[in-house]
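Structural features, examined
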Amino acid sequence: MTEARANDLALALAGLPLAARLRRIRQAFEGKLVFTTSLGLEDQVLTHLIFREGLDIEVATLDTGRLFPETYALWADTEMHYGRRIRGFAPDRIAIERLLDDQGINGFRLSPEARKACCHVRKVEPLRRVLAGAEGWLTGLRASQSTQRQGTGVLGFEPEFGLWKINPLFDQTRETLADLAGRWSVPVNPLHAEGYLSIGCQPCTRAIQPGEDERAGRWWWEADARRECGLHLAAASPAPDESRRA
Ligand code: SF4
């Protein structure tokens, strides 16, 4: 994908409805495409469209080992509902055992560094395996999810993983997606109705209060409003220079 083609694609995608966006994305890339889902509302809508349209896009999730029981139940329900597999990627066993030796079972509360170490072992390292060999990585990121994600665009080169990061929902609102999920009978996490708008690992997620940022319930004990788990530190990056283009 050259920079010129990526720019053309980004312009074209912005004017399309969601299903057509995904079809266009699949057509535009020759290589493997992977969609990583956390089984939240946004990701469930994308999963629905990928499965409904029969698109050749791998759907995978990071099984951190600390997810809510409701999330595991939704994972099973979604596979049953669509008759398709959502691939699960677990952390490396030895790295987990070292982490537990170092910081204990809930050591991520001790400091931002300890929390990032846990996220690295349970999320970032498995993500590298999920994305190995892929040309494009689809996510459910939206620009309106948080201040940190305001700069999210539809398409950008992700130097950390050496591939194109594609955010088909970048311009969507939560209300629009909730409406679509209802109309299409998409299975969703019951925790959303209890104020958990952004759902990650159970010990690191709480319900939010009215007026709070959608992601305020993630790692709420940390003061840094820019907190992320390490998967999405750069919302959208410039296209690669000539030497890095595939
Ligand atoms: S969200 Fe919490 S439990 Fe999950 S990987 Fe990060 S620090 Fe660990």
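Report follows, based on the coordinates.

Procedures and definitions
Residues numbered from 1 in each chain as written. Predicted model: local features only at pLDDT ≥ 70, side-chain atom pairs only at ≥ 80, totals over all residues. Helix = DSSP H or I, 4+ residues; strand = E, 2+ residues; numbered from the N terminus. Rg over C-alpha atoms; globule rule 2.2 N^0.38 Å. Buried ≥ 20, exposed ≤ 12 C-beta atoms within 10 Å, placed from the backbone. Contact = placed C-beta atoms within 7 Å. Near = placed C-beta within 6 Å. Nonpolar A, V, L, I, M, F, W, Y, C, P; charged D, E, K, R; others polar. Axes fitted to C-alpha atoms, helices over the stretch in contact; angles between N-to-C directions. Parallel < 35°, antiparallel > 145°, perpendicular 65-115°, else oblique. Left-handed = near helix turned anticlockwise from the far one by under 90°. Pairing = 2+ DSSP bridges.

A word on the overall build of the protein chain
- When helices and strands are tallied, the protein chain shows seven helices and six strands.
- Beginning at the N terminus, the succession of helices and strands in the protein chain can be written as α-α-β-α-β-α-β-α-α-β-β-β-α.
- At 18 Å, the protein chain has a C-alpha radius of gyration in line with the 18 Å of a compact globule built from 246 residues.
- With the principal axes as the frame, the protein chain shows a C-alpha extent of 50 × 45 × 35 Å.
- Taking all 246 residues of the protein chain together, the buried fraction comes to 39%.
- Taking the contacts inside the protein chain whose residues are at least 6 apart along the sequence as the reference set, 73% of them involve residues at least 24 apart.

Let's talk about the site of the ligand
- Taken together, 13 residues are adjacent to the ligand, and Cys118, Cys119, Arg122, Cys201 and Cys204 come closest.
- Tallied by class, the residues present in the shell around the ligand amount to seven nonpolar, two polar and four charged.

Describing the packing of helix H3 (residues 41-53) against helix H7 (residues 174-183)
- Packing of H3 against H7 brings their axes to within 10 Å, and their N-to-C directions diverge by 50°. With respect to their mutual orientation, H3 and H7 come out oblique. As H3 packs across H7, the resulting crossing turns out to be left-handed. Counted together, Leu41, Glu42, Gln44 and Val45 of H3 and Arg174, Leu177, Ala178, Leu180 and Ala181 of H7 form the full contact between these two elements.
- Counted by class, the contact of H3 with H7 contains six nonpolar, one polar and two charged residues.

Looking at the sheet that holds strand S5 (residues 155-158)
- On the basis of which strands lie adjacent, the open sheet formed by six strands has the order S3-S2-S1-S4-S6-S5 and mixed pairing. The open sheet has two edge strands, strand S3 (87-89) and S5, and neither has a second partner. With strand direction ignored, the average angle separating the axes of adjacent strands in the sheet is 30°.
- Relative to strand S2 (residues 58-62), strand S1 (residues 32-36) runs parallel, the two sharing three bridges. Considered in S2, the bridge of Thr36 is made with Ala60.

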